[in-house]
There are 2 protein chains.
Amino acid sequence: MANKKKEVPLTGITVSKEEDFSAWYTELINKAELADIRYNIKGFVVYREWATLTIRKMYKKTEDLLEKKDHLPLTMPSLIPESNFYLEAQHVKGFAPEVFWVTEAGSSGKLPERLALRPTSETALYKMYSLWIRSYKDLPFKRYLSCQVWRYEGKMTRPFFRGREFHWIESHNVFATMEGAMEQVKEDMETTYQILQDECCIPIIFFQRPEWDKFAGAVHTYAADALMGSGKVLQLPSTHLLGQNFAKPFDVKFVDKDGEEKYGYQTCYGPAQSRNYGAMIAYLGDDKGLVLPFDLAPIQIIIIPIIYKGKEKRVLDKANEIYNLFKDKYIVKIDDSDESVGNKYYYWELKGVPIRIEIGPKDMEKQHVVIVKRHDGLRFTIKEDFLEEKIEEIVQNYTKEIKEKSLIDFESQVECVYEKDAAVEAINNGKIVCCGFCSINMDAYHCAEIVEKDIGGFVRGKRVDYEKHEFATCLICGKPAGCTVYIAKSY
Amino acid sequence: MANKKKEVPLTGITVSKEEDFSAWYTELINKAELADIRYNIKGFVVYREWATLTIRKMYKKTEDLLEKKDHLPLTMPSLIPESNFYLEAQHVKGFAPEVFWVTEAGSSGKLPERLALRPTSETALYKMYSLWIRSYKDLPFKRYLSCQVWRYEGKMTRPFFRGREFHWIESHNVFATMEGAMEQVKEDMETTYQILQDECCIPIIFFQRPEWDKFAGAVHTYAADALMGSGKVLQLPSTHLLGQNFAKPFDVKFVDKDGEEKYGYQTCYGPAQSRNYGAMIAYLGDDKGLVLPFDLAPIQIIIIPIIYKGKEKRVLDKANEIYNLFKDKYIVKIDDSDESVGNKYYYWELKGVPIRIEIGPKDMEKQHVVIVKRHDGLRFTIKEDFLEEKIEEIVQNYTKEIKEKSLIDFESQVECVYEKDAAVEAINNGKIVCCGFCSINMDAYHCAEIVEKDIGGFVRGKRVDYEKHEFATCLICGKPAGCTVYIAKSY
C-alpha cells in the first residue's frame, strides 16, 4: 500500500512549521488550495472552496450563538456617505487613512458626494438606529451584520490574517444604562470563548487595551489575544464599550420610563473574522497540513478503497456500504479517483479531513477496516461489526482531544519581571512579560513607546479576568505603578 | 377576546392589494418592517431583521441545492480592475453605464487604476479560472459565489425588486463541450423550479430571451419569468450559455484527453436574488400582510396566552408547556408582551407567522386550544391531547396548500392572437399574448420596438419547454413567422 513512496509527494508540505512558520503557512495556503494571492489587485485575495466551506461553518455557529443571545440580523448597504463618516471626530481620525472611496458612477461621472466602502459600520448603522429606537421598550436593541469590510492597509497582507477586504460579523447594541452596556461586553467575551476556544480550539485571553490602542471612538476596548505559542499573540475579536460617544452625534435617543428623553449607551463587537480562520489553521496545523475541529471540516470522513485488479467491484461495493452507514450523520466522501493510494493519503491529510477509513480486499477477508485519525495519526484496525460504534466514539472525542493538546495555559506563557533587562530576556525567551506600569491611559504612552523600541514587544493591556497586585513601580519610568500589564510580541 | 376592536389597528395594512398594488406593497414593507428606504444614499436600502432572516433561509436552501449538484463555494474580492473589465467587448458595453468606480484610497489619494464595484463577477472570476483549470480532469468545474453586486440603476428603485446594491448567488461553470454546457443550462432551469416554485410558491415559466435582451456577452439567455397574475410578469433568475465568448479573451483553456489544448465552454447562472424575496412577498401577501411558506418563516408558530387577571400564572405555564412541546422541531415564540390580544393577532398576521396557537383560561377549562392558520385564516379548536398531531399535520400541508392556491397555470394566462389589434386588447385584458414573430434575432428588433410602443408589452422570448407551431406570419410585419413568441407586461 503506497510503500513504494518514501519521498514527499507533490501534495505534501516541504517546510517544517517549527523551523520557518512563515514559509510553512504560505505553503499550506497554496498546497491545500485555501487562498490565491494572484488576484490582480494588491492586498485582495481569493478564498478558495475548502476555506470558504469552513469559514461559512464558523459564521453559522457564530450567527446561531448570537441569535440564541437575542441578537437579530440586518443587511446594510456597504457604502457610507462621507458626511456620516465625519460625525464622530475620533472615529474619522482613526479610519480616514484606511478608506476606499467611490467617487464615480456609470457614464454620468462624478458623484455629488464621496461614498466610503465601509471600513466598519457604526456610522451607517447608528443613523438608522436613531430612526428605529423610540422608547425604553425598544431596549436592549441587539443587532448584527454578516458582511465584508474594506481597509486600505499599509501593512503587509497575508491571506486570512490581514487583507484589504475581509469578511466578519459585527454586532451593535444599545442599552438604557452604562451597566447594561457593560453586561453586554461581558457576554461578548463569553461568546468569544465559546467560539474561539470551544469551537476553533484556539487558546485566548482578554485584555483591556491601553488608551492608545483602543477602537476609534470607544470608551474602552476589550480584545482577545490568541496565544499562538512561544509568547507570541495575535489580536482576534474585540468588543468595545462605546458609552454615549456615538449616541450623541448620531442622536440615538429613547424615551425612558420616567418620560424623559435620554441618549442610549452602546457597544459593538466583532465576533467572527476571516482572521479567526487564519489563526485556527496556523495554530492547529502541522507538517502534514491542516488539522480541523470535527464540526468545521468540509469533509469529515474520507473513505479510501484500496483497489487491486479483479477485486474492484467487491471493494467499491463495501466502500459504498460504509458510505451509506454514515452519510446521513456526517459529511462523507469516497475517493475513487485514479490517484495512487499513497497520494490519496497525503492529499486528505493535507486537507485536514478528521477521519480516514481504508478498506481493501485483505481487510475484507478479515472482516475488518482500518481507521486513521488525522490530528494524532492514530491508526486502528477494527472489526466491521464495531465500525459504527467506534466512529461515533472518535467523533465524540475528536475536537475535545485537539483542545486538550493545544489549549495553552496562559500562566505557563507568562514571566513576571521587575527590570527592563529581565523583560528583554523574557521576550527573547518566548515569554509574555507581566510587569508594573504607570497606567493604560494616554499619559503612559511614552513608556509604551519605550517598551516597543527597547523590549521588542507591545503593551497588550490589563488582564480582564484577574489583576495581579504585586508591582510597586512602572517597569519603564520607575514611578509608582498604577496597574499591571502584559507585554508580548504579536503577529 | 379582542372583540372590542373592529377598526384596523395601527399595525394593519390600510390599502387593498387588488386596488392599488404599489401602495399596498409600500405599506407592507413599512408596517411589517422589512426594509427601510431612509438610508441616505439614493437607491440603497436597509433590509431589516424579518426580511434578512427569510432571505438567509432562501440562500441556505439554494446553496445546499447547488452543493448537492456538485457546485462548490468561493469567496471573491468585490473590486474588479478596470482592465479586466474591458477584455470582453459586449460585456463591457452592457455593464459600463452601471458601474460604480473606486478611484481613491486613504490619504494617498488617487489609485493607479479605477476599480469597479462588481456589477457581476465574470471578469474577476474567469481570470482565476484560467489559472486554476489545467486539464480535462478539472472539468466540469462548477463553482458559485454568495455575494452582493452594485449597479448604478437609472430606473426607479423599489425595495427587494430593484436597488443599486443587491444580494445574490451566481454560479459559474466550465465544460469540455458545448453539449456539457447546455446540460448545465437545463440543470439550472430545473434548480430554478425547485427553488422558486417548490420552496417559494411562485409560478414561473422559462423563455429563451431575444438577442436584444440577453446577458451582455452570452450566446443565449434563458430567463425565468414569474407569473405575477393578470398577465404581468417579473424577470427572476436567468441562466446564460456563454459558449467560448469569455473563455477566449480570459484564456480559460484545458488540455483534453487527446493532448490538445482547447478553450472551455462556459455557463453562468443567478439562482438567488433579493428580488426572489420581493416577488414572493408581493405574490403571496394579502391585505393582512405577509404570507410565507412554512420553512421560510422567521417564526413558525406563535403562542398567544390570553391572560385574565388572577389566572396569569396558570395560562403562562400552559403556554410554556406548549412551547416546550414544539421548540426542538420548529421556531416557536410566546408573545407575552403587554399589547392587547387583538393587536397581537394583527401583528403576527402582518408578519406572516404560519401558525398561531391561542390559549386562555376558558380553553384550559375545556382542555382545548385554538389554532389559526395564517394563509387561509382557518381556525380550529382542538383537544389538547391531539395538539401535537394536529400541528404536525398542518406543518406537513401548509406550503403545499399555498402552492395549490397560488401556482397559476401558464396556459390560463395566455391568449393566442393573429392580429395586432387583438394583441392590444388581450394585453389590456390582463393576458399574455402568444403570436408569430419574425425571429428572436437582432433582425427582428424593429418589430419588437413596435410591440413595445403599440401593444404596450415586451417580447419575452421563445418558450423553452415547448414551442407552438401554428402561426404563419409575424404579428407585426406580416412576413413569414420564424418562431412563436410571448408578449407580456412586466414589472
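The structure reproduced in this document is the subject of the present report. Computed from a predicted structure; not experimentally measured.

Rules used in this analysis
- Residues numbered from 1 in each chain as written.
- Chains lettered and ligands numbered in written order.
- Predicted model: local features only at pLDDT ≥ 70, side-chain atom pairs only at ≥ 80, totals over all residues.
- Heavy atoms only, no water.
- Patch = residues over 30% accessible without salt bridge, like charges linked within 9 Å, V, L, I, M, F, W, Y side chains within 5 Å.
- Areas by Shrake-Rupley, 256 points an atom, 1.4 Å probe, with all protein chains shown as cover.
- Salt bridge = Lys/Arg side-chain N within 4 Å of Asp/Glu carboxyl O.
- Lys, Arg positive; Asp, Glu negative; His and termini not counted.
- Charge placed at Lys NZ, Arg CZ, Asp CG, Glu CD.
- Helix = DSSP H or I, 4+ residues; strand = E, 2+ residues; numbered from the N terminus.
- Least-squares fit on C-alpha atoms with pLDDT ≥ 70 in both.
- Pairing = 2+ DSSP bridges.
- Phe/Tyr/Trp six-rings, centres within 6.5 Å; stacked < 30°, edge-to-face > 60°.
- Buried < 20%, exposed > 50% of the residue type's maximum accessible area, 1.4 Å probe, protein only.
- Lys NZ or Arg CZ within 6 Å of the ring centre and 35° of its normal.
- Contact = heavy atoms within 4.5 Å.
- Buried area = accessible area lost by both parts, 1.4 Å probe.

**Examining a positive patch on the surface**
On the surface, Lys311(A), Arg314(A), Lys362(A), Lys366(A) and Lys383(A) cluster together into a patch of positive charge. You can see Lys383(A) is positioned in strand β19 (residues 379-383).

**Things to note about the relation of the copies chain B and chain A**
For the pair chain B and chain A, the relating rotation is 180°, the translation along its axis is 0.0 Å, and the fit reaches an RMSD of 0.0 Å. Given the turn and translation reported, the copies of this chain are related as if by a two-fold rotation axis. If distances are taken from each C-alpha of chain B to the rotation axis, the shortest is found for Val102(B), at 2.1 Å.

**As for the pairing of strand β19 (residues 379-383) of chain B**
Pairing of strand β18 (residues 368-373) of chain B with β19(B), which is carried by 5 bridges, proceeds in the antiparallel orientation. Bridge pairing in β19(B) links Val369(B) to Ile382(B).

**Some details on the packing of aromatic side chains**
All told, the structure shown has 59 aromatic pairs over all chains when counted by the stated rule. An angle of 65° between the planes, with centres 6.2 Å apart, marks the rings of Phe207(A) and Phe410(A) as edge-to-face. Of this pair, Phe207(A) sits in strand β9 (residues 204-208) while Phe410(A) sits in helix α13 (residues 410-413), placing them 203 residues apart in sequence. Exposure class is identical for Phe207(A) and Phe410(A). Each is buried. Consider the rings of Phe21(B) and Tyr491(B), whose centres lie 5.5 Å apart with planes at 55°: the pair is tilted. With Phe21(B) in helix α1 (residues 21-31) and Tyr491(B) in the segment after β23 (483-490), the pair connects residues that are 470 residues apart, well separated along the chain. In this structure an aromatic cluster arises from ring pairing among Tyr126(A), Tyr129(A), Trp132(A), Phe141(A), Phe246(A) and Phe250(A). Sitting above the plane of the Phe161(B) ring, Arg158(B) keeps its charged end 6.0 Å from the centroid. Over the ring of Tyr345(B) we find Arg356(B), and its NZ or CZ is 3.8 Å from the ring centre.

**As for the interface of chain B and chain A**
Across the contact, 59 residues belong to chain B and 59 residues belong to chain A. Both faces considered, chain B and chain A share a buried interface measuring about 4900 Å² in area, 57% of it formed by carbon and sulfur atoms. The largest per-residue losses of area from chain B upon contact with chain A belong to Tyr39(B), Glu49(B) and Thr75(B), which jointly make up 13% of the total buried on that side. Here Glu49(A) makes a salt bridge to Arg143(B), at a shortest N to O gap of 2.4 Å.

Read these as geometric descriptors, not functional statements.
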